[in-house]
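# Report on the structure
This is what each chain is made of:
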Amino acid sequence: MDSNEHEHVIEVTDLRRVYGGGFEAVRGVSFSVARGELFALLGTNGAGKTSTVELLEGLATPAGGRVRVLGHDPYVDRAAVRPRTGVMLQEGGFPSELTVAETARMWAACTSGARPTEEALGLVGLVRRAGVRVKQLSGGERRRLDLALALLGNPEVLFLDEPSTGMDAEGRRDTWELVRSLREGGTTVLLTTHYLEEAEQLADRLAIMHDGRIAAAGTPAEVTASQPSRISFELPPGYFVGDLPPLAELGVSGHEVDGRVVRLRTRELQRTATGVLMWAARAGVELHRLDVRAASLEEAFLRIAREASGAPATERERV
């Protein structure tokens, strides 16, 4: 067993994947995931997320670079890695005529050390639907079944590919709580998702992919901190932006004026908001349409994707 397994459960170094015709889907990707950590891999469609995860799952061999899961090459040493991992694909492809319980029992028969099927279904709230045929499940319920089967073997490493797609708000929140509890129990999770809120809520660290490469990486807070926070308000009648304290003294990095509405950008949100509100209090005025927003992962994602593609920023991103 590799001595690094205790620290880094997943290690990816200069990973490359090339499809027929020479299309390079993954172009020198490197990252690591520690034991008990949840790592989210984000990106636009075609960024290379699924191509990368399939290499980690041992479904293909890389064209270049190195990947290790639990200290092993997941493709060459599949027999050593697969029993210790759980995989939730974007689409399970289960026989539609089988019931939920029959599907779980069939899967359990192919899983080493499988937990009781009722226990697995209970984790995802499907016990009451055990007798229902797969074809009668909603899209969200099918995703719950996919997750239950990925958890049958009590995996040390869990790969989740778009786990909450098709779920309603309640199902998504329940799934998040389950994933949190798994992580707290020591399971290492690698997640791909289009729901940026999901990554923001769950991930210890994340990477944003674009065009087969990692464009940004870090904790959600670190990636978000690359973007300014925003404050906007409507100036009272008779007041102009020049009546505000010097914007540089408020920590403002940029501003726009649209009629009577002022929009400020800042990387020192508390300082700027405090200065603006103290000015309003001294002036004895009320700031209508006041909106104070910290930078979001969505804004960071959009800007990083645009910068990586060379496209100009949108008005929303500039503001």
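Everything in this summary refers to the structure shown in the same document.

## A word on the overall build of the chain
Within the chain one finds eleven helices and 13 strands. Over its C-alpha atoms, taken along the principal directions, the chain stretches across nearly 75 × 45 × 40 Å. Of all 319 residues assigned to the chain, the portion counted as buried reaches 47%. Looking at the chain alone, contacts between residues at least 24 apart form 66% of all its contacts between residues at least 6 apart. Here the chain displays about 15,200 Å² of accessible surface, and carbon together with sulfur accounts for 49% of that area.

## Quick notes on helix α3 (residues 100-109)
All of the buried residues in α3 are V100, A101, T103, A104 and A108. Burial along α3 is one-sided: seen end-on, the buried residues are contained in an arc of 160°. Residues of α3 that are buried in the fold lie against α4 (117-123) and α5 (139-150).

## Focus on the pattern of salt bridges
Tallied over the full model, the rule gives 22 salt bridges. In this structure, D73 and R68 form a salt bridge, with 3.9 Å as the shortest nitrogen-oxygen distance. Several salt bridges converge on common partners, so that one network encompasses D14, R16 and E24.

## Considerations on the pairing of strand β12 (residues 261-266)
Among the six residues of β12, five are classified as buried, and the element is accordingly described as predominantly covered. Sheet topology places strand β10 (residues 229-234) next to β12; six bridges connect them, and they run antiparallel. Across the sheet, residue S232 finds its bridge partner in β12, namely R263. The turn linking strand β11 (residues 252-258) back onto β12 is made up of two residues, and G259 within it adopts a positive phi angle of 70°.

## What to know about the sheet that holds β11
In spatial order, the strands read β11-β12-β10-β13; together these four strands make up an open sheet with antiparallel pairing. Of all strands in the sheet, those with a lone pairing partner are β11 and β13 (288-293), marking the two edges. Between one strand axis and the next, the sheet turns by 15° as a mean value, whatever way the strands run. Bridge count between β11 and β12: six bridges; the pairing is antiparallel. The residue of β12 that forms the bridge with G254 is R265. Along the sheet face, helix α9 (residues 269-283) touches β10, β11, β12 and β13 and points at about 15° away from the line of β10.

## A word on unusual backbone geometry
For D211, which is not a glycine, the phi torsion comes out positive at approximately 55°. Here D211 is to be found in the loop between β8 (205-210) and β9 (213-218). Despite not being glycine, R289 shows a phi value in the positive range, around 55°. Relative to the assigned elements, R289 resides in strand β13.

## Concerning a nonpolar patch on the surface
Taken together, the side chains of L277, L290 and V292 make up a nonpolar region of the molecular surface, amounting to roughly 240 Å² of accessible area. Here L277 is to be found in helix α9. Its relative accessible area of 46% is what places L277 among the partly exposed residues.

## Thoughts on empty space enclosed by the protein
Applying the stated rule across the entire model yields two cavities of 30 Å³ or more. The space that makes up the second largest cavity amounts to roughly 50 Å³. Every element with two or more residues in the lining of the second largest cavity is listed here: α2 (78-81) and β5 (85-88). For the lining of the second largest cavity, the residue count by class is six nonpolar, one polar and three charged.

## Thoughts on α9
In this model, α9 (15 residues) spans 21 Å end to end at C-alpha, consistent with the 21 Å of a helix rising 1.5 Å per residue. Among the residues making up α9, those that are buried are T272, A273, G275, V276, W279 and A280. When α9 is viewed along its axis, its buried side chains cluster within an angular range of 160° and face the same direction. Turned more than 90 degrees off the buried face of α9, the exposed positions are Q270, A281 and R282. Packing partners of the buried residues in α9 comprise β10, β11 and β12. One or two steps after α9, the chain reaches G284, where phi turns positive at roughly 70°.

## Quick word on the sheet that holds β9
Within a sheet, adjacent strands bond to each other through the backbone by hydrogen bonds, running parallel or antiparallel. Spatially, six strands are ordered β5-β6-β7-β3-β8-β9 in an open sheet, and the strand pairing comes out mixed. Two strands lie at the open edges of the sheet, namely β5 and β9, each paired on one side alone. Shown here is a sheet whose adjacent strand axes are inclined to one another by a mean of 15°, direction ignored. The pairing of strand β3 (residues 38-43) with β8 spans five bridges and is classified as parallel. Within β8, the position partnered with L41 by the bridge is A207. With respect to the sheet, α5 is in contact with β5 and β6 (157-161), its orientation differing from that of β5 by roughly 165°.

About the criteria used
- Residues numbered from 1 in each chain as written.
- Predicted model: local features only at pLDDT ≥ 70, side-chain atom pairs only at ≥ 80, totals over all residues.
- Heavy atoms only, no water.
- Helix = DSSP H or I, 4+ residues; strand = E, 2+ residues; numbered from the N terminus.
- Buried < 20%, exposed > 50% of the residue type's maximum accessible area, 1.4 Å probe, protein only.
- Contact = heavy atoms within 4.5 Å.
- Areas by Shrake-Rupley, 256 points an atom, 1.4 Å probe, with all protein chains shown as cover.
- Arc of directions from axis to C-beta.
- Salt bridge = Lys/Arg side-chain N within 4 Å of Asp/Glu carboxyl O.
- Pairing = 2+ DSSP bridges.
- Axes fitted to C-alpha atoms, helices over the stretch in contact; angles between N-to-C directions.
- Patch = residues over 30% accessible without salt bridge, like charges linked within 9 Å, V, L, I, M, F, W, Y side chains within 5 Å.
- 1 Å grid on protein atoms, 1.4 Å probe; cavity = no way out; pocket = protein on both sides within 12 Å on 5 of 7 lines; lining within 4 Å.
- Points joined across faces, edges and corners; volume = space filled by probe spheres on them.
- Nonpolar A, V, L, I, M, F, W, Y, C, P; charged D, E, K, R; others polar.
- Expected span 1.5 Å × (residues − 1).

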